[in-house]
Amino acid sequence: MSAETVTAVGALVYANRELLPILDEHLVDYEGEVLPTILLDDIVRWLVAHRASHEDLCRSVFSWLESALCDGSKVVRGLITVSGVVMIPAPGQPGAEVRDLLGPGLREVDPWST
């Protein structure tokens, strides 16, 4: 955990306020501490589970992640790759279709992209 990764997930939630309940639950679970890798994992899992009912939010989050991947520091890029893109289900699994929302930078770090 670093100040940069905490700031990045905070900015993601701030930009997509529909994610606030996920952050609230995270803060309760981890006694007020923000653990960026776990929080981003939780966000991506939630998006996958709610992809049909929250398509606009999914698009917004993956667009935000694309920008942060392109403009962010090495540590933020690592967070997005390891705790974000890698959490998308494998092709053929339920939810894998959110992969269609990935921009070119996210596709590049997606282990399933060819």
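Analysis parameters
Residues numbered from 1 in each chain as written. Predicted model: local features only at pLDDT ≥ 70, side-chain atom pairs only at ≥ 80, totals over all residues. Heavy atoms only, no water. Helix = DSSP H or I, 4+ residues; strand = E, 2+ residues; numbered from the N terminus. Rg over C-alpha atoms; globule rule 2.2 N^0.38 Å. Buried < 20%, exposed > 50% of the residue type's maximum accessible area, 1.4 Å probe, protein only. Contact = heavy atoms within 4.5 Å. Lys, Arg positive; Asp, Glu negative; His and termini not counted. Charge placed at Lys NZ, Arg CZ, Asp CG, Glu CD. pLDDT = per-residue confidence, 0-100. Expected span 1.5 Å × (residues − 1). Salt bridge = Lys/Arg side-chain N within 4 Å of Asp/Glu carboxyl O.

Trainee: Please provide a residue-by-residue account of the overall build of the protein chain, values included.
Mentor: Along its length, the protein chain carries six helices and zero strands. Going from N to C terminus, the protein chain has its helices and strands arranged as α-α-α-α-α-α. Radius of gyration (C-alpha) of the protein chain: 13 Å, near the 13 Å computed for a compact globule of 114 residues. A buried classification covers 41% of the 114 residues belonging to the protein chain. Restricting the contact set of the protein chain to residue pairs at least 6 apart, pairs at least 24 apart contribute 61%. Averaged over its 8 positive side-chain charges, the protein chain has a centre that lies 6 Å from the centre of its 17 negative ones.

Trainee: Give me the confidence of the model for the protein chain: which residues, what numbers.
Mentor: Of all residues in the protein chain, 99% attain a pLDDT of 70 or more, and the chain-wide mean is 95. Averaged pLDDT values over the elements of the protein chain bottom out at 95 in helix H5 (residues 74-83) and peak at 97 in helix H2 (residues 20-29).

Trainee: Provide a residue-level description of helix H3 (residues 36-49), including the pertinent values.
Mentor: Here H3 spans 20 Å end to end across 14 residues, near enough to the 20 Å set by a 1.5 Å rise per residue. Within the span of H3, buried status applies to Pro-36, Leu-39, Leu-40, Asp-41, Ile-43, Val-44, Leu-47 and Val-48. Where H3 is buried, its residues meet helix H1 (3-15), H2, helix H4 (55-71) and H5.

Trainee: Lay out H5 in plain terms, naming residues and giving numbers.
Mentor: Within H5 the residues assigned to the buried category are Val-76, Leu-79, Ile-80, Thr-81 and Ser-83. Buried residues belonging to H5 abut H1, H3, H4 and helix H6 (104-109).

Trainee: Residue-level account of the pattern of salt bridges, with values.
Mentor: Taken as a whole and judged by the stated rule, the model has four salt bridges. With its nearest N and O atoms 2.2 Å apart, the salt bridge here joins Glu-97 to Arg-51. Of this pair, Glu-97 sits in the loop between H5 and H6 while Arg-51 sits in the loop between H3 and H4, and the two are 46 residues apart along the sequence. Residue class for Glu-97 comes out partly exposed when judged on its relative accessible area of 40%. Between Asp-110 and Arg-99 there is a salt bridge, with its nearest N and O atoms 2.5 Å apart. With Asp-110 in the segment after H6 and Arg-99 in the loop between H5 and H6, the pair connects residues that are 11 residues apart, well separated along the chain. A relative accessible area of 4% places Asp-110 in the buried class.

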